[in-house]
Amino acid sequence: MSDERTPMSVLSDSAERLALTLTQGGMQRMTARVLAALLFTERDTLTAGEITELLTISSGSVSTALKSLTSVGLVERVPAPGSRREHFRFREGAWAILMSDQNQLVKVMREAAEQGIAVTGEDSAAHRRLVEMRDFYDYLWRELPALIDRWRAQHRIQ
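Asker: Explain the overall build of the protein to me, using residue names and the numbers behind them.
Answerer: Within the protein, the regular secondary structure consists of eight helices and three strands. For the protein, the succession of helices and strands along the chain, N to C, is α-α-α-β-α-α-β-β-α-α-α. For 158 residues, the compact-globule estimate of 2.2 N^0.38 gives 15 Å, and the protein exceeds it by more than 25% at 20 Å. For the C-alpha atoms alone, the extent of the protein along its principal axes is close to 65 × 35 × 25 Å. Contacts spanning at least 24 positions in sequence make up 51% of the contacts within the protein whose residues lie at least 6 apart. Carbon and sulfur atoms provide 51% of the accessible area of the protein, an area that totals close to 10300 Å². Computed over 20 positive and 21 negative side-chain charges, the inter-centroid distance for the protein is 3 Å.

And the structure:
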């Protein structure tokens, strides 16, 4: 194995543990493995072919994973002068980007609670639980943008 892949191979147990954790959190297994590879590599970028070889998975799985990770803002395509292949890297500030985009999830959860509240009786246990759900997601909707802005400012990330 070449020196370029040594950091990943040395950290493969840690990378695979991270991938497993991400999978347990709901991410597709191959997408989690590709994300872990991009997080653990010491190289600036990796091509889809390099990821395929590194993880010994199909090129289709890598392509699907990269498309998913790119669409949510965790990974970005980057130019590589002199190369005709697309290069990918974990995006700087990606976690804040992901949480910003997930504000839509917070909004959807709040709206779902509102719909439930509308069809339950005010004195019911379901109504009380749904009001708590709505209030929680309403709180997140208001507070998360400021929290992300403070984090970005502390880490000087746009």
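Structure's up, so let's keep going.
Asker: Break down the pattern of salt bridges for me, with residues and values.
Answerer: Under the criterion given, the structure shown has ten salt bridges. Across the pair Arg-89 and Glu-76 runs a salt bridge, and its minimum N-O distance is 2.7 Å. With Arg-89 in strand E3 (residues 87-90) and Glu-76 in strand E2 (residues 75-78), this residue pair connects regions lying 13 residues apart in the sequence. Of the residues examined, Arg-89 reaches a relative accessible area of 35% and is grouped as partly exposed. Glu-76 gets classed as partly exposed once you look at its relative accessible area, which sits at 21%. Where Arg-134 meets Glu-114, a salt bridge forms, and the shortest distance between an N and an O atom there is 3.4 Å. Of this pair, Arg-134 sits in helix H8 (residues 125-155) while Glu-114 sits in helix H7 (residues 103-118), and the two are 20 residues apart along the sequence. For Glu-114, a relative accessible area of 28% puts it in the partly exposed group.

Asker: I'd like a rundown of the packing of aromatic side chains, residues and numbers included.
Answerer: Applying the stated criterion across every chain yields a total of two aromatic pairs. With a centroid separation of 5.4 Å and 45° between ring planes, the pair formed by Phe-90 and Trp-95 is classed as tilted. With centroids separated by 5.2 Å and ring planes inclined at 80°, the aromatic side chains of Phe-136 and Tyr-137 adopt a geometry described as edge-to-face. Judged by its relative accessible area of 46%, Phe-136 is partly exposed.

Asker: Break down the nonpolar core for me, citing the residues and quoting the values.
Answerer: Val-34, Leu-38, Ile-51, Leu-66, Leu-74 and Val-75 are the most contacted members of the largest nonpolar core, which totals 18 residues. When residues no more than four places from it in sequence are discounted, the contact partners of Leu-74 are Leu-35, Leu-69, Arg-89, Phe-90, Arg-91, Ala-94, Trp-95 and Leu-98. One finds Ala-15, Ala-19, Ala-32 and Ala-36 within the second-largest nonpolar core, a separate group that totals five residues.

Asker: A description of the pairing of E3 should follow, citing residues and the corresponding values.
Answerer: In this structure, strand E1 (residues 46-47) lies alongside E3, joined through two bridges in antiparallel fashion. Considered in E3, the bridge of Leu-46 is made with Phe-88. Where E2 lies against E3, four bridges are found, and the strand directions are antiparallel. Of the residues in E3, the one forming a bridge with Val-78 is His-87.

Definitions and limits used
Note on numbering: residues in each chain are counted from 1, in written sequence order. Confidence filtering applies because this is a predicted model: local features only for residues at pLDDT of at least 70, side-chain atom pairs given and counted only at 80 or more, and all residues used for totals across whole chains, interfaces and linings. Where side-chain values are given, they derive from all heavy atoms of the structure, hydrogens and water being excluded. Runs of E in the DSSP output that reach at least two residues are strands. Runs of H or I that reach at least four are helices, and both are numbered from the N terminus. In this description the radius of gyration comes from C-alpha coordinates, and the expected globular size is given by 2.2 Å times residues to the power 0.38. Residues count as neighbours in contact if any of their non-hydrogen atoms are within 4.5 Å of one another. Note on areas: Shrake-Rupley, 1.4 Å probe, and residue coverage restricted to the protein chains presented here. Two residue types count as positive, namely Lys and Arg, and two as negative, namely Asp and Glu; His and chain ends fall outside the count. A charged residue contributes its charge at one atom only: NZ of Lys, CZ of Arg, CG of Asp or CD of Glu. By convention in these notes, a salt bridge is any Lys or Arg side-chain nitrogen within 4 Å of a carboxyl oxygen on Asp or Glu. The cut-offs for exposure are 20% and 50% of the maximum accessible area for each residue type, with area from a 1.4 Å probe on protein chains only; residues under the lower value are buried, those over the upper are exposed, and the others partly exposed. Between 30 and 60 degrees the pair is tilted, below 30 it is stacked and above 60 it is edge-to-face, where a pair is any two Phe, Tyr or Trp rings, Trp via its six-membered ring, whose centres lie within 6.5 Å. Throughout, nonpolar core names a set of buried Ala, Val, Leu, Ile, Met, Phe, Trp, Tyr and Cys residues whose side chains join them through atoms within 4.5 Å. Strand pairing requires that DSSP identify at least two bridges connecting the strands.

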